[in-house]
Amino acid sequence: MKRTTLSLIAGATALAAVTGFAALTAPDGTAAPEAKTTTRLPVERAGLVCPVPSTSEVAETLYTSYTPTGTGTGAGSAAGKAEPPTALLRTAAGATPSGGTGKTGKTPKAAKAPATVTAPGKPVTAEAEGASVPALTGSATGALAPGWTVQQTTVVPAGGARGLLGLGCGVPDTDFWFPAASTAKDRQDYVHLTNPDDTAAVADIELYGPEGLLKSQFTEGIPVPARSTVPVLLSTLTSEAGRKDVTVHVTTRSGRVGAAVAAADDKLGSDWIAPAADPASSAVLPGIPADATSVRLVAFAPGEEDADLKVQLVTASGTIVPAGADSLHVKSGMTAAADLPDLTRGAVGSLLLTPSDPKKPTPVVAALQVVRGKGANTEIAFIPATAAVSARATVADNRAKGSTLSLTAPGAEARVKVTASAGSAGGTPVSRTVTVKAGTTTVLTDLVPGGLKGSYALTVEPLSGGKVHAARTLALPEDGVPMFTVQTFVDDRGTVEVPSAHQDLGVLD
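Enquirer: Report on the overall build of the chain, specifying residues and quantitative values.
Expert: Scanning the chain from terminus to terminus reveals 0 helices and 37 strands. With 509 residues in all, the chain has 53% of them scored as buried. A total of about 21,000 Å² of accessible surface is found on the chain, and carbon and sulfur atoms cover 53% of it.

Enquirer: How would you summarise the nonpolar core if you had to cite specific residues and measurements?
Expert: Generally speaking, soluble globular proteins have nonpolar side chains that are buried together. Of all hydrophobic cores here, the largest spans 31 residues; its most connected members are L285, I288, L297, L351, L353 and L368. If near-sequence neighbours (up to four positions away) are discounted, I288 is found in contact with V295, L313, L343, T344, V348, G349, S350, L351, L368 and I383. Ranked by size, the runner-up nonpolar core spans 30 residues in total, among them A181, I222, V248 and V298.

Enquirer: I'd like a description of the sheet that holds strand 32 (residues 440-444), backed by residues and values.
Expert: What the 4 strands build is an open sheet, ordered 32-28-35-36; its pairing is antiparallel. Each edge of the open sheet carries a strand with a single partner, namely strand 32 and strand 36 (484-488). Ignoring strand direction, the axes of neighbouring strands in this sheet form an average angle of 20°.

Enquirer: Outline the pattern of salt bridges, supporting the account with residue identities and numerical values.
Expert: One pass over the full model with this rule turns up 14 salt bridges. Where R256 meets D197, a salt bridge forms, and the shortest distance between an N and an O atom there is 2.9 Å. Remark: D197 occurs in the loop between strand 10 (187-195) and strand 11 (201-209) and R256 occurs in the loop between strand 15 (246-254) and strand 16 (258-265); sequence separation between them is 59 residues. Of the residues examined, R256 reaches a relative accessible area of 28% and is grouped as partly exposed. Residues E211 and R243 are paired through a salt bridge, measuring 3.6 Å at the closest nitrogen-oxygen approach. Of this pair, E211 sits in the loop between strand 11 and strand 12 (212-213) while R243 sits in the loop between strand 14 (228-233) and strand 15, and the two are 32 residues apart along the sequence. Assessed through its relative accessible area of 57%, E211 is described here as exposed. For R243, a relative accessible area of 21% gives the class partly exposed.

Enquirer: Give a detailed account of the environment of S464, specifying residues and quantitative values.
Expert: Along the chain, the position of S464 falls in strand 34 (residues 456-465). The spatial distance from the C-alpha of S464 to the C-alpha of A414 is 5.8 Å, given a sequence separation of 50 residues. Residue contacts for S464: discarding those within four places in its chain leaves E413, A414 and R415.

Enquirer: Explain the sheet that holds strand 23 (residues 335-339) residue by residue, including any values.
Expert: Strand order across the open sheet formed by 4 strands is 23-19-25-26, with antiparallel pairing between neighbours. Both outer strands of the open sheet, strand 23 and strand 26 (377-384), are each paired with one neighbouring strand and no more. Neighbouring strand axes in the sheet, compared pairwise and without regard to direction, differ in orientation by 20° on average.

Enquirer: Help me get a handle on the environment of A475, residues and values and all.
Expert: With respect to the helices and strands, the residue A475 is situated in strand 35 (residues 469-475). Placed 73 residues apart in sequence, A475 and G402 show a C-alpha to C-alpha distance of 4.7 Å.

Enquirer: Please set out the pairing of strand 36 residue by residue, giving values where relevant.
Expert: Judged by how many residues are buried, strand 36 sits mostly within the fold: 5 of 5 residues are covered. When strand 35 meets strand 36, the two strands line up antiparallel, connected through 5 bridges. Directly across from A471, in strand 36, lies its bridge partner T488.

Enquirer: Help me get a handle on the packing of aromatic side chains, residues and values and all.
Expert: Following the criterion strictly, the structure yields 3 aromatic pairs and no others. Ring geometry for F176 versus F178: centroids 6.3 Å apart, planes at 15°, classification stacked. Assigned by exposure class, F176 and F178 land together as buried. Taken together, W177, Y208 and F300 form an aromatic cluster joined through their ring pairs. Positioned above the aromatic ring of F484 is the side chain of R372, whose terminal nitrogen or guanidinium carbon lies 5.2 Å from the ring centre.

Enquirer: Can you tell me about the environment of R253, naming the residues and giving the values?
Expert: Looking at the secondary structure, you find R253 in strand 15. Judged by its relative accessible area of 54%, R253 is exposed.

Enquirer: Pulling in residues and values, what's your account of the side chain of R162?
Expert: Among the structural elements, R162 can be located in the loop between strand 7 (149-156) and strand 8 (163-168). The side chain of R162 is buried and forms no salt bridge, while E379, the nearest opposite charge, is found at 4.5 Å. Within the structure, R162 has its side chain in polar contact with the backbone oxygen of T378 (distance 2.9 Å). Residues contacting R162, with those up to four places away along its chain left out, are V156, P157, K267, L268, G269, S270, A376, T378, E379, V481 and M483.

Analysis parameters
- Each chain carries its own residue numbering, running from 1 in the direction its sequence is written.
- The model is predicted, so local features are restricted to residues of pLDDT at least 70 and side-chain atom pairs to those at 80 or more, both for listing and for counting; the totals for chains, interfaces and linings are taken over all residues.
- Heavy atoms throughout the structure, all of them, feed into the side-chain values; hydrogens and water do not.
- Each helix corresponds to a stretch of at least 4 residues labelled H or I by DSSP, and each strand to a stretch of at least 2 residues labelled E; elements are numbered beginning at the N terminus.
- The rule is simple: take the accessible area with a 1.4 Å probe, protein chains only, and divide by the maximum for that residue type; under 20% is buried, over 50% is exposed, in between is partly exposed.
- Using the Shrake-Rupley algorithm and a 1.4 Å probe, accessible areas are obtained, with residue cover drawn only from the displayed protein chains.
- To form a nonpolar core, buried Ala, Val, Leu, Ile, Met, Phe, Trp, Tyr and Cys residues must be joined to one another through side-chain atoms within 4.5 Å.
- Between two residues, a contact is recorded if the distance between any of their heavy atoms is within 4.5 Å.
- Note on pairing: DSSP must find at least two bridges between two strands before they are called paired.
- To define axes, lines are fitted to C-alpha atoms, for helices over the stretch in contact only, and angles between the resulting N-to-C directions are given on a 0 to 180 degree scale.
- A pair is scored as a salt bridge if a Lys or Arg side-chain nitrogen falls within 4 Å of a carboxyl oxygen belonging to Asp or Glu.
- Two aromatic rings, drawn from Phe, Tyr or Trp (for Trp, its six-membered ring), form a pair once their centres lie within 6.5 Å of each other, and the interplanar angle then sorts them: stacked below 30 degrees, edge-to-face above 60, tilted otherwise.
- Ring-over charges, as used throughout, are those where CZ of Arg or NZ of Lys falls within 6 Å of the ring centre and within 35 degrees of the ring normal.
- The sign given to each residue is positive for Lys and Arg and negative for Asp and Glu; His and the chain ends receive no count.
- We call two N or O atoms a polar contact when they sit within 3.5 Å, provided that within protein one can donate a hydrogen and the other can accept it, with sequence-adjacent residues counted only if both atoms are side-chain atoms.

Listed below in structure tokens is the structure:
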């Protein structure tokens, strides 16, 4: 990566078409009947936030921004006025983490106007380096809004935060779960709260360990000023520090934020923990690397009932029960963890959690901590439970070598379309229809654009059959360290369902 200052960052985002309809009346003044039908339309506006990528002076970050093709125009506004499509990321204030709670460093100097995605179908990249790279907030409209994604990939070659850190910039929301966080002495975990809006947000953070809710301080009513970011060191929030396995719950009292946890282990490396899927009685954690040397499952039951989970590994040949780790008991309000030794045995797999008793489904959230390598040459990554792709999902910044796509169908057989986009510096997109057999994981490593130059995006679209969960592993080894990161595919919400109104205009007798 070239050592240049931040001069470029691209955008177009995922969320919120604004639609409406007028109530109609019949000639006699009574309300006309409305048809119980809905229509899916492309979203017209979307927003993303990217946290501060690193505090290391030697960090090098690549942003890859991409809007997929094929979701209609998304043009215009709710009022019907034509608007030119826009896609822009801009600097958030207070971007440098401090060691405190709710405090931030000096506001960085404004970055140069970033380049934007100009058309769907081609990634745009931007490079940045050092510890002064700010958090970013962004919005997109028109044809650039449906399905926009930004991948933030950072290489830290040395120091306490050494590693490959990958994160899909997140959609602002009001509720987030992060299993697999830690307040242990050898971990430095920051939760980054970034407010993209023009009004302040107020957030709460709850920490749950193996014995339940940790005694906390400074965790309620954390202000996140407008257009700013607040990084919070988890170990400073509780007098019960030193917990190896912690579940973090972030909620907002007012406003909305983007949230992600930056985890750095003194011995194992560092990566981002992305939000886990919403609590559910079953969970899929896709894309465990074939050469994983350590896999640790962390789960939390947020309800009033304990959860008894059946643990299975979904492989290329079928679904099996891991030896010595076939179940996990999760007490209500407590974090449970289990090591899964020799889990993958040389083949990519996905973990499947289901109720031990189907008649007693209990919602849980879950994530995996995965380690590759041994001794001093290790690297860590995290895989959160992820929902199935319902319509379409994209992960950007894939490389000609080192990208592995995992597709898991835990139930019925499924057919999906996978598209490798054009490259950021050239190349021809290619697509492939893939059939994933029931109860198996299919791996793709050879779907690369023709004549690829630069990086590219992978887009997954279900065609028929059962549910599919997907993840991308990016491996960029450096100086003997097997650096890697795993991003799960989260539905891009490129379309929104809107009601259709109906009026009977027949003449009354």
